[in-house]
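Below, each chain spelled out in residue letters.
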Amino acid sequence: MSENIDQYLKSEYSAGWITDIESLTIPPGLNEDVIRLISAKKQEPEWMLEWRLKAYRAWLEMKEPEWAHVVYPKPDFQALSYYSSPKSMEDGPQSLDEVDPELLRTYEKLGIPVHEQEVLAGVAVDMVFDSVSVGTTFRQKLKDAGVIFCPISEAVHEYPELVKKYLGSVVPQKDNFYAALNSAVFSDGSFVYIPKGVRCPMELSTYFRINEAKTGQFERTLIIADEGSQVSYLEGCTAPMRDENQLHAAVVELVALDDADIKYSTVQNWYPGDAEGKGGIYNFVTKRGIAHTRSKISWTQVETGSAVTWKYPSCILKGDDSIGEFYSVALTSNHQQADTGTKMIHLGKNTRSTIIAKGISAKQSSNSYRGLVKMNPGAEGARNYTQCDSLLIGDKCGAHTFPYIESKNPTAVIEHEATTSKVSDDQLFLCQQRGIDAEKAVSMIVNGFCKDVFRELPMEFAVEAGKLLEVSLEGAVG
Amino acid sequence: MLNINDLHARVEDTAILHGLNLEVKPGEVHAIMGPNGAGKSTLGNVLAGRPGYEVTGGTVTYKGSDLLELEAEDRARAGVFLAFQYPVEIPGVSNMEFLKASVDAIRTARGEEAMSSMDFIKLAREKCKAVDLPQDFLKRGVNEGFSGGEKKRNELLQMMLLEPSLCILDETDSGLDIDALQVVARGVNALRSPDRGIIVVTHYQRLLDYIVPDYVHVLAKGRIVKSGGRELALELEKHGYSWIDEEVA
Ligand SMILES: Nc1ncnc2c1ncn2[C@@H]1O[C@H](COP(=O)(O)OP(=O)(O)OP(=O)(O)O)[C@@H](O)[C@H]1O
Ligand SMILES: [Mg+2]
């Protein structure tokens, strides 16, 4: 196997156009002055600037990690620009009506509901374009429920106490190389606060788009679910097709206080580069949540994009009886490389975690699952269940599994299952003999393989995710 | 409806069919028998357009046009159906989803309207009953964990749903218990019609007690070496294949 499969393996990226808009981009390079400039552009208070500088100084001492199963030319951090904003945003639109229509068209073209009256499912959307947030829908309705959903740059001004208390509380500035870089230069992202006992009345979502060339996107998301509250949040990402690589280094922090429930879903479709492996996004992301007593954090991700992905959404199960979940579909094709997985750190008693990771590799791509399950001495009666499945399409791709288990409590139970399967020529021929063309057959097989994860996505996005896989595998098989 | 003329074919580097001739007219049932490794499954696969099976000579005309020119899925859409000797599993894809995709594809190709999900479920359940498979087989993965006999019945179920014009059954009777054999025979007989051709590959003349063929052929060493009526099967059962070898040689 199989030329038959291989000849169909090509993929079209449909979000690859560039928005023709005038931007203010600061010149490439990184030093303390650049950080001061970013901070000044956002008119940040002194404490925020100090926080950034502290991160920057830590970053200077750090090294880019090398342990992941990915190979790429190291980015030249002095050749990147660290801030870009559509020019029309400079004076800051006060409401959605004032947002540049060209920008709104960008989001509409991506199929993202930007006008509140068009929103069917009642999803509130924050849109981040390069370095700035360009609009948030449904703010009033959320405000009525006491929910805060706004760009993080705004939260720094409006809710400094919350930001000071929680920013960096889950992912400290010095956590890792990319997190430190992000802490120094982060430009925008979403901020969410759900008050005690409130069930957020609608899905919250943020769409990130990188437009400018040679720009890094460093967004920062902070979600705080106060005691007994509940929220479901979705992020989606796209970028134009460009020949050069673009860097995306985000940090997401989740705080689930006692009895709170956070569901965080990602549909990541950054430009993966062309069939020869030219261009594409380098996606180096740190995502982590801390779960207090009886709270629950659930990560669901469908990753089809980026040239290189380095990403391990994690849960620190600090409180007794807290729950962590990780459901993941990672698809790689062409020359994409993904090293992704999760960390479940069990600190509290009777903490439980579930990991369901599905990797699909096609063409010459490489797909690695890397997962850590750690049972600390205090994790009496803790349990983990991990299931890790790989599906190979064609015979030039690779799938790797790196499970790490550390148990310091004898009462903790860890279960791990792993499978590897292949879309075989025989399966495809059975489908074809029944009139089903090969593309449809592969998409059916892949969707079947992913259904345990898709089940976890909010309904309207499960459909989107299925379609996205179909597009990513377009002509994937014969 | 099907005209095979001097067909030569090979799999990978091995030549397997060496000048095979066969004609099937609408309404006819042909039984093909022959020793292991003679090329019976190869013939089915070549007709269905399986990748890796290369035709090196001869022609195959189906409903007046060149069958060999078509891609596998287009042959299926044109009404060629192969019930596999060894059906494969597709884990994770439900039988129902698979059957619906298949029926949709074939109906679309015929210019018919797609069936509503409700109508389809009703139809699928009905056919399930006809082949004596419990309905929860519709929810299971395609052939996933099915027993040998269940897989064969699932092939028959697909055939009944798709109503093809040319049915090729490759040892659909192998590994079936006596009741299941009758189920298969009943299914095939129900499909017998003046505008449909049926080819049954089998090792057991017993099947032909239930599905009475118009012709019986012996396929040996890549060719049809002897053809006759129903009585040829009985003779084969009595004497095996060696007497034909001698006769042909
Ligand atoms: N991929 C292959 N490579 C080489 N030889 C093959 C391949 N597939 C089939 N053959 C050979 O072709 C010959 C015919 O095989 P085929 O499956 O058509 O036989 P058959 O008549 O169906 O036998 P049976 O009654 O055992 O099912 C056999 O000798 C088999 O080993
Ligand atoms: Mg055979």
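The structure displayed is predicted, hence computed values, not measured ones.

**A look at the overall build of chain B**
- Tallying secondary structure elements over chain B gives nine helices and twelve strands in all.
- For 249 residues, the compact-globule estimate of 2.2 N^0.38 gives 18 Å, and chain B sits close to it at 18 Å.
- C-alpha atoms of chain B, sized along the principal axes, occupy 60 × 40 × 35 Å.
- In chain B, which comprises 249 residues, the share counted as buried stands at 54%.
- Long-range pairs, those at least 24 residues apart, make up 68% of the contacts in chain B between residues at least 6 apart in sequence.
- Accessible surface, chain B as shown: approximately 11,000 Å² in total, 47% of it carbon and sulfur.
- Charged side chains in chain B number 28 positive and 38 negative. The centres of these two groups are separated by 4 Å.

**So, the pairing of strand E2 (residues 14-24) of chain B**
All names here are of chain B.
- Direction of pairing for strand E1 (residues 2-11) relative to E2: antiparallel, over a ladder of eight bridges. Its bridge partner being in E2, Arg-10 is matched across the sheet by Ala-15.
- The turn linking E1 back onto E2 is made up of two residues, and Glu-12 within it adopts a positive phi angle of 50 degrees.

**Some points on the interface of chain B and chain A**
- Listed by partner, the interface residues are 31 residues for chain B and 18 residues for chain A.
- Counting every contact that joins chain B to chain A gives three salt bridges.
- A salt bridge links Arg50(B) to Asp426(A), with the nearest nitrogen and oxygen atoms 2.8 Å apart.
- Seen at the junction of chain B and chain A, the total is eleven residue pairs in polar contact (both at pLDDT 80 or more).
- Of all the secondary structure elements, the ones that give two or more residues to the side of chain B that touches chain A are helix H1 (40-48), helix H2 (72-77), strand E6 (80-83), strand E7 (90-94), helix H3 (95-109) and helix H5 (148-162) of chain B.
- Per element, the largest residue contribution to the side of chain B that touches chain A is six residues, and it comes from H3(B).

**Side note on the packing of H3(B) against H5(B)**
All names here are of chain B.
- The interhelical angle for the contact between H3 and H5, taken along N-to-C directions, is 35 degrees, at an axis separation of 10 Å. Between H3 and H5 lies a crossing whose hand is right-handed. Residue-level inspection shows Asn-95, Phe-98, Leu-99, Ser-102, Val-103 and Ile-106 of H3 in contact with H5, the latter providing Asn-154, Leu-157, Gln-158, Leu-161 and Leu-162.

**Observations concerning the sheet that holds strand E12 (residues 223-228) of chain B**
Residues and elements named next belong to chain B.
- Strand order in the open sheet formed by six strands is E6-E9-E10-E3-E11-E12, with mixed pairing between adjacent strands. Each end of this open sheet is capped by a strand with a single partner; those strands are E6 and E12. Sheet twist, expressed as the average angle between the axes of neighbouring strands with direction ignored, equals 20 degrees.
- The pairing of strand E9 (residues 166-170) with strand E10 (residues 197-201) spans five bridges and is classified as parallel.

**Some points on the site of ligand 1**
All names here are of chain B.
- Near ligand 1 there are 15 residues, and of these Ile-16, Gly-37, Lys-40, Ser-41 and Thr-42 occur at the shortest range.
- Contact between ligand 1 and Ser-41: an oxygen atom at 2.8 Å from a side-chain N or O atom of the residue.
- The side chain of Thr-42 places a nitrogen or oxygen atom 2.5 Å from an oxygen atom of ligand 1.
- Across the complex, the protein chains shield 64% of the 640 Å² of accessible surface that ligand 1 would expose by itself.
- Sorting the residues of the shell around ligand 1 by element identifies E2 and H1 as the ones contributing at least two each.
- Residue contributions to the shell around ligand 1 peak at three residues, all from H1.
- Looking at the shell around ligand 1 residue by residue, the classes come out as four nonpolar, eight polar and three charged.

**Digging into the coordination of the magnesium ion (ligand 2)**
Residues and elements named next belong to chain B.
- Bound to the magnesium ion (ligand 2) on the protein side are Ser-41 (OG) and Gln-85 (OE1), at distances that span 2.0 to 2.1 Å. Taken together, the positions of Ser-41 in helix H1 and Gln-85 in the loop between E6 and E7 put the pair 44 residues apart, joining distant regions of the chain.
- Residue Ser-41 is classed as partly exposed on the basis of its relative accessible area of 23%.
- For Gln-85, a relative accessible area of 17% corresponds to the buried category.

**A few points about the packing of aromatic side chains**
Residue and element names in this part refer to chain A.
- According to the stated counting rule, one finds 16 aromatic pairs over all chains in the structure shown.
- The ring of Phe-186 carries the charged tip of Arg-220 above its face, separated from the ring centre by 5.9 Å.
- In this structure, Lys-358 packs its charged tip against the face of Phe-449, placed 5.0 Å from the ring centre.

**Section: the environment of Pro377(A)**
All names here are of chain A.
- Secondary-structure assignment places Pro-377 in the loop between strand E21 (366-375) and strand E22 (383-393).
- Here Pro-377 falls in the exposed class, since its relative accessible area comes to 53%.
- Once the C-alpha coordinates of Pro-377 and Lys-349 are considered, the two residues, 28 residues apart in sequence, prove to be 9.6 Å apart.
- When residues no more than four places from it in sequence are discounted, the contact partners of Pro-377 are Lys-408 and Asn-409.

**A word on unusual backbone geometry**
All names here are of chain A.
- Even without being a glycine, Asp-259 presents a positive backbone phi close to 65 degrees.
- Residue placement: Asp-259 occurs in the loop between strand E12 (251-256) and strand E13 (261-268).
- If you check the backbone angles, Arg-294 has positive phi at about 55 degrees while not being a glycine.

**Re the packing of helix H3 (residues 46-60) of chain A against helix H8 (residues 177-185) of chain A**
Residues and elements named next belong to chain A.
- One way to put it is that H3 packs onto H8 with a least axis distance of 7 Å and a crossing angle of 145 degrees. The interaxial crossing formed by H3 with H8 has left-handed handedness. From H3, Trp-51, Arg-52, Ala-55, Tyr-56 and Trp-59 reach across to H8, where they touch Phe-177, Ala-180, Leu-181, Ser-183, Ala-184 and Val-185.
- Tallied by class, the residues present in the contact of H3 with H8 amount to nine nonpolar, one polar and one charged.

**Thoughts on H1(B)**
Residues and elements named next belong to chain B.
- With eight of its nine residues buried, H1 lies for the most part within the structure.
- All of the buried residues in H1 are Lys-40, Thr-42, Leu-43, Gly-44, Asn-45, Val-46, Leu-47 and Ala-48.
- Backbone geometry just downstream of H1 places Gly-49 in the positive-phi region, at approximately 85 degrees.

**Some thoughts on the environment of Lys152(B)**
Residue and element names in this part refer to chain B.
- Mapped onto the elements of the fold, Lys-152 is located in helix H5.
- Judged by its relative accessible area of 6%, Lys-152 is buried.
- It is 8.9 Å that separates the C-alpha atoms of Lys-152 and Glu-171, two residues lying 19 residues apart in sequence.
- Non-local contacts of Lys-152, meaning those with residues more than four positions away in its chain, are made with Phe-84, Gln-85, Pro-87, Glu-171, Thr-172, Ser-174 and Leu-176.
- Reaching out from Lys-152, the side chain makes a polar contact with the backbone oxygen of Glu-171 at a distance of 2.8 Å.

Each value, and the rule that gives it
Residues numbered from 1 in each chain as written. Chains lettered and ligands numbered in written order. Predicted model: local features only at pLDDT ≥ 70, side-chain atom pairs only at ≥ 80, totals over all residues. Heavy atoms only, no water. Helix = DSSP H or I, 4+ residues; strand = E, 2+ residues; numbered from the N terminus. Rg over C-alpha atoms; globule rule 2.2 N^0.38 Å. Buried < 20%, exposed > 50% of the residue type's maximum accessible area, 1.4 Å probe, protein only. Contact = heavy atoms within 4.5 Å. Areas by Shrake-Rupley, 256 points an atom, 1.4 Å probe, with all protein chains shown as cover. Lys, Arg positive; Asp, Glu negative; His and termini not counted. Charge placed at Lys NZ, Arg CZ, Asp CG, Glu CD. Pairing = 2+ DSSP bridges. Salt bridge = Lys/Arg side-chain N within 4 Å of Asp/Glu carboxyl O. Polar contact = N/O pair within 3.5 Å; in protein donor to acceptor, adjacent residues only side chain to side chain. Axes fitted to C-alpha atoms, helices over the stretch in contact; angles between N-to-C directions. Left-handed = near helix turned anticlockwise from the far one by under 90°. Near = heavy atom within 4 Å. Nonpolar A, V, L, I, M, F, W, Y, C, P; charged D, E, K, R; others polar. Donors = N, O, S within 2.8 Å, 3.2 Å for Na, K, Ca; no water. Phe/Tyr/Trp six-rings, centres within 6.5 Å; stacked < 30°, edge-to-face > 60°. Lys NZ or Arg CZ within 6 Å of the ring centre and 35° of its normal.

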